[in-house]
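If you want the building blocks of each chain, they are given just below.
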Amino acid sequence: MMKKCIILGFFLGAGIFAFTQTVKIADQETGNPLSQVKITVTGTSQFVVTDETGKADISGLPGEKGFSFSLTGYEPRTLGKADLINAGFMVYLSLTGISLDEVVISASRFEEKQRDVVQKIQVMRGSEIQHINQTSMADVLSFSGNVMVQKSQLGGGSPVIRGFETNKVLLVVDGIRMNNAIYRGGHLQNVITLDNSILERTELVFGPGSVVYGSDALGGVMHFYTRDPQLSADGKAAVKGNGFARYNSAASGYAAHGDVTVGGQKWGSLTSFTYSSFGDLRQGAVRNPFYGNFGSRPWYVERIGSRDSVIVNPDSNVQIGSGYQQYDFLQKIIFRPNEKVTHLVNVQYSTSSDVPRYDRLTQVAGGLPRFAQWFYGPQNRLLSAYTLRLADVSGAFDHGRLIFAYQNIEESRHDRRLNNPTLNHRIEKLDIFSFNADFDKVSGAHEFRYGAEAYMNLVESTAYKENITTGEQAPLDTRYPSGGSALSAAAIYGTHTWEISDKFILNDGIRFTYTNLTASFEDKTFFPFPFDKVKQNHNELNVNLGVIFIPAPALRLTANLASGFRAPNVDDLSKVFESVQGNVIIPNPDLGPEYTYTAELGLSHTIEKKVVVSATGYYTRYLNAIAVRPSLFDGRDSITYDGQLSQVTTTVNAGTAFIYGLEGGLSGNLNPWFSIQGTVNYTYGRVIENETTVPLDHIPPVFGKLSLNMTKGKARAEVFVNYSGWKKLEDYSPSGEDNLAYATELGMPAWTTLNCRLTGKLSQKASIQVACENMLDQNYRVFASNISAPGRNWIITLRGSF
């Protein structure tokens, strides 16, 4: 009887295998389908590849020897015929910690293997972003281990790469530059307008990116890629959806997200919506006794009736005046009439409630709060774009991409002094038009990529003051020229990769950029501008040259030389505003571009095909650095502005600066279940002016991350440490951008946090994530931040899909 059952089982299994034609491959952690997985008959060269739904027909392959499954960035897997039948023809692949064959896009705007790119690039896949489990994109970046994020308020986050920040780091979303004409040199919060819930991946490019991306890419490029709609491979309408609900304890915050993609063979749609709400942030309660009540919030201002009252905060660890809400929407429609042509419409919209400027709300003047109100108005970002993708084209290019985009940006500032009924409103609106054309061509061992870019920023700046008691309104001085401003650019570029041999790879590139800026100073009621109009134009040429040497499979050496530039924008050239009480910044029509020249050496070594140890050293010569310095107006060093005698300052090209640093990394799989990752970043920068060397602003202290991950069955766990060294008093920039006033008398103390995360699958369609950040409830601030970091923070997220 037993023998008959075995024989029957064998023939039944063989029958099932014979009639089953499709195998499906998915990500072990997320359950998402994986395309381009190579399914090879073990010991042969016969293979098939999965489609966009993660499926492949294997009916034409002999199955007696079993199958091997491989995809760049994932651990390869081999299954015998019986194992595949027992798995129900469902195969899961796990991410690998190391792979130089991983495909990256940002270095040249087209797909290429990371091993062929001389620049350091960190890839944050969508599954990793999901595992980090943060609502704000700024917070996601802060857990990358290689980016320090400054905050002036909870509704903010200003990324720092290699000592460059704000308008010196380029943000790009879906191939479209986010940096605009009013990105300032201080600290920015624009990155929070990106919804990380819908990101396919994020790529961080370290070092100058001006050859491919033009102005602003001095420290690096942060390229964010949102998901595309999924098409159906079998002719039937495919409907899929994802959603989550999240709670975090430190800000008593919650978030909800939902997205649905509907796809046919040629048409597809993706709709996404996310709502986020943050309460007032609670800081850590465990303080270093040497610094007393550093960061505490003992009072706050509240309007009671017709007067401002200073209220005692019952819990000084709760940073009252930091909460806000945000809404993010995305709609994509794709049409692919054939394999060679794809049309894509991309609409993104982000808006928020008023966002309190927490640091200003804690300022004191004469023993009393300086401000009763200080907040950013709703930060609105609208992007609409049409993209045409061309593939497998013979002739001058193999692949092409054209992007036509329009962005509408609105941001505003509102402030009112204590016991003063006048609320000041300053509003900035931008219309941004852009065009990108990018192409690639492979010819033997040579890969050519080239293209053109053009964009125009139109800036409208308005202002008025309002009596909150009577409702009366009156004119007010604008932040930027009242007659309007315009910044435009046009460029062409080309890059080249030459695989000279298995051991030598050459990267080179060149770009020519023309920029033009105009600003009209029509209203001189509030400030006697000595000019009516300012006009500038600049021609810039950027180059890069890099060599990759691979003397052995486990060793990779890189050397790179690159130039970068940043043309003055409207904020640099033409703003008039009070930055610090008693100081006023006035326009400088003679301001010129700033330049960088960077030399970089890198090394990575793979140990026993499991762990990669890497190090990158760089030196940047920074010329004509744009900085704020004391100045004169009509021969005077102080003028009366906004009713107060204020020192005159202006934005100038401050001379020569230099930055050098070292970045170290550790990444790999210790065994099939455990992986380790670690980073360390050290940066040093100085400005040379009048034969005097002083600290450069935005230079972070040493910082990094060390984590241990375990993935087993339906669970993934991570224990990690984030850390930062001292930013000592003598290393603070005298410009004020490092915000020494919000640190201790000796600078910003070092800190270390212990954190853990756990993801558990409840089913193939549902999972739960639990994280405890800053487990020891340490009280600390990130360098240059004006708000204390979260204390012990529990994050609970429930995810589901269909």
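Because the structure is a prediction, the values reported are computed rather than measured. (Residues numbered from 1 in each chain as written. Predicted model: local features only at pLDDT ≥ 70, side-chain atom pairs only at ≥ 80, totals over all residues. Heavy atoms only, no water.)

A.B. asks: Where do I start with the nonpolar core in this structure?
C.D. replies: One broad trend across soluble globular proteins is that nonpolar side chains are buried collectively. Counting 54 residues, the largest nonpolar core has Met137, Leu141, Val191, Met222 and Phe224 as its most contacted members. Looking at this core element by element, the count peaks at 4 residues for helix 4 (residues 137–142). Apart from the residues lying within four places of it in its own chain, the contact partners of Leu141 are Val147, Val149, Pro159, Val191, Leu204, Met222 and Phe224. Grouped together as the second largest cluster of nonpolar side chains are 26 residues, Leu430, Leu487, Phe527 and Ile626 included. (Core = buried A, V, L, I, M, F, W, Y, C linked by side-chain atoms within 4.5 Å. Buried < 20%, exposed > 50% of the residue type's maximum accessible area, 1.4 Å probe, protein only. Helix = DSSP H or I, 4+ residues; strand = E, 2+ residues; numbered from the N terminus. Contact = heavy atoms within 4.5 Å.)

A.B. asks: Sorry if this is basic, but what is going on with the sheet that holds strand 15 (residues 176–177) here?
C.D. replies: Strand pairing in a sheet relies on backbone hydrogen bonds, with the paired strands running either antiparallel or parallel. As summarised here, the arrangement of the 5 strands in space is 10-16-17-14-15, forming an open sheet in which the pairing is mixed. Looking at strand neighbours, the two that pair on one side only are strand 10 (121–125) and strand 15, the edges of this open sheet. Note that strand 14 (residues 169–173) and strand 17 (residues 220–226) share 5 bridges and pair parallel. Of the residues in strand 17, the one forming a bridge with Leu171 is Met222. (Pairing = 2+ DSSP bridges.)

A.B. asks: What should I look at first to understand the sheet that holds strand 11 (residues 148–150) in this one?
C.D. replies: Pairing in this open sheet of 3 strands is antiparallel, and the strands run 11-12-13 from one edge to the other. Edge positions in the sheet fall to strand 11 and strand 13 (164–165), since each has one partner strand and no second. Pairing of strand 11 with strand 12 (residues 158–161), which is carried by 3 bridges, proceeds in the antiparallel orientation. Looking across to strand 12, one finds that Met148 is bridged to Val160.

A.B. asks: Would you take a moment to explain the pattern of salt bridges for this structure?
C.D. replies: Under the definition given, this model contains 35 salt bridges. A salt bridge links Lys151 to Asp139; the shortest N-O distance between them is 2.8 Å. Taken together, the residues span a long stretch of sequence, with Lys151 in the loop between strand 11 and strand 12 and Asp139 in helix 4 at a distance of 12 residues. Like Lys151, the residue Asp139 is buried in the burial classification. Salt-bridge contacts for Lys332 lead to Asp174; the nearest nitrogen and oxygen are separated by 3.8 Å. With Lys332 in strand 25 (residues 324–338) and Asp174 in the loop between strand 14 and strand 15, this residue pair connects regions lying 158 residues apart in the sequence. Put simply, Lys120, Arg162, Glu600 and Glu663 are held in one network by salt bridges that share partners. (Salt bridge = Lys/Arg side-chain N within 4 Å of Asp/Glu carboxyl O.)

A.B. asks: Looking at this structure, I do not really get the side chain of Arg381. What am I missing?
C.D. replies: Topologically, Arg381 is positioned in strand 31 (residues 380–390). One buried charged residue, Arg381, remains without a salt bridge, the closest side chain of opposite sign being Asp328 at 5.8 Å. Within the local environment of Arg381, its side chain forms a polar contact with the side chain of Thr193, the two groups lying 3.0 Å apart. A distance of 3.3 Å separates polar atoms of two side chains, one belonging to Arg381 and the other to Gln348. When residues no more than four places from it in sequence are discounted, the contact partners of Arg381 are Val173, Met178, Thr193, Leu194, Gln348, Tyr349, Ser350, Asn408 and Ile409. (Lys, Arg positive; Asp, Glu negative; His and termini not counted. Polar contact = N/O pair within 3.5 Å; in protein donor to acceptor, adjacent residues only side chain to side chain.)

A.B. asks: I keep staring at a nonpolar patch on the surface and nothing clicks. Help me out?
C.D. replies: A surface patch of nonpolar side chains, about 550 Å² in accessible area, is lined by Ile492, Ile510, Phe512, Tyr514, Leu541 and Val543. Among the secondary structure elements, those contributing two or more residues to the nonpolar patch are strand 37 (504–520) and strand 38 (533–552). Looking at the nonpolar patch element by element, the count peaks at 3 residues for strand 37. Examined against the element boundaries, Ile510 turns out to sit in strand 37. Classification of Ile510 as partly exposed rests on a relative accessible area of 44%. (Patch = residues over 30% accessible without salt bridge, like charges linked within 9 Å, V, L, I, M, F, W, Y side chains within 5 Å. Areas by Shrake-Rupley, 256 points an atom, 1.4 Å probe, with all protein chains shown as cover.)

A.B. asks: Even after reading the chapter, I still don't get the confidence of the model for the protein, so can you show me in this structure?
C.D. replies: In low-pLDDT segments, the atomic positions of the prediction should not be examined closely. Chain-level statistics for the protein give a pLDDT mean of 91 and a share of 95% at 70 or above. Counting interchain partners and residues more than four positions distant, the pLDDT-below-50 stretch residues 2–19 has 8 contacts. (pLDDT = per-residue confidence, 0-100.)

A.B. asks: Whenever I open this one, the side chain of Ser322 confuses me. Can you help?
C.D. replies: Assignment of secondary structure puts Ser322 in the loop between strand 24 (318–319) and strand 25. On the basis of relative accessible area, Ser322 is assigned to the buried category, the value being 1%. Here the side chain of Ser322 touches Leu281 through a polar contact of 2.9 Å, landing on its backbone nitrogen. Among the polar contacts listed, one links the side chain of Ser322 to the backbone oxygen of Gln319, at a separation of 2.7 Å. Leaving out residues up to four positions away in the same chain, Ser322 has contacts with Leu154, Gly279, Asp280, Leu281, Pro356, Tyr358 and Ile787.

A.B. asks: Honestly, the environment of Phe549 in this entry has me stumped. Any pointers?
C.D. replies: Among the secondary structure elements, Phe549 is positioned in strand 38. Along the backbone, Phe549 and Leu506 are 43 residues apart, and their C-alpha atoms lie at a distance of 9.0 Å. In contact with Phe549, not counting residues within four places along its chain, are Lys503, Phe504, Leu555, Arg556 and Leu557.

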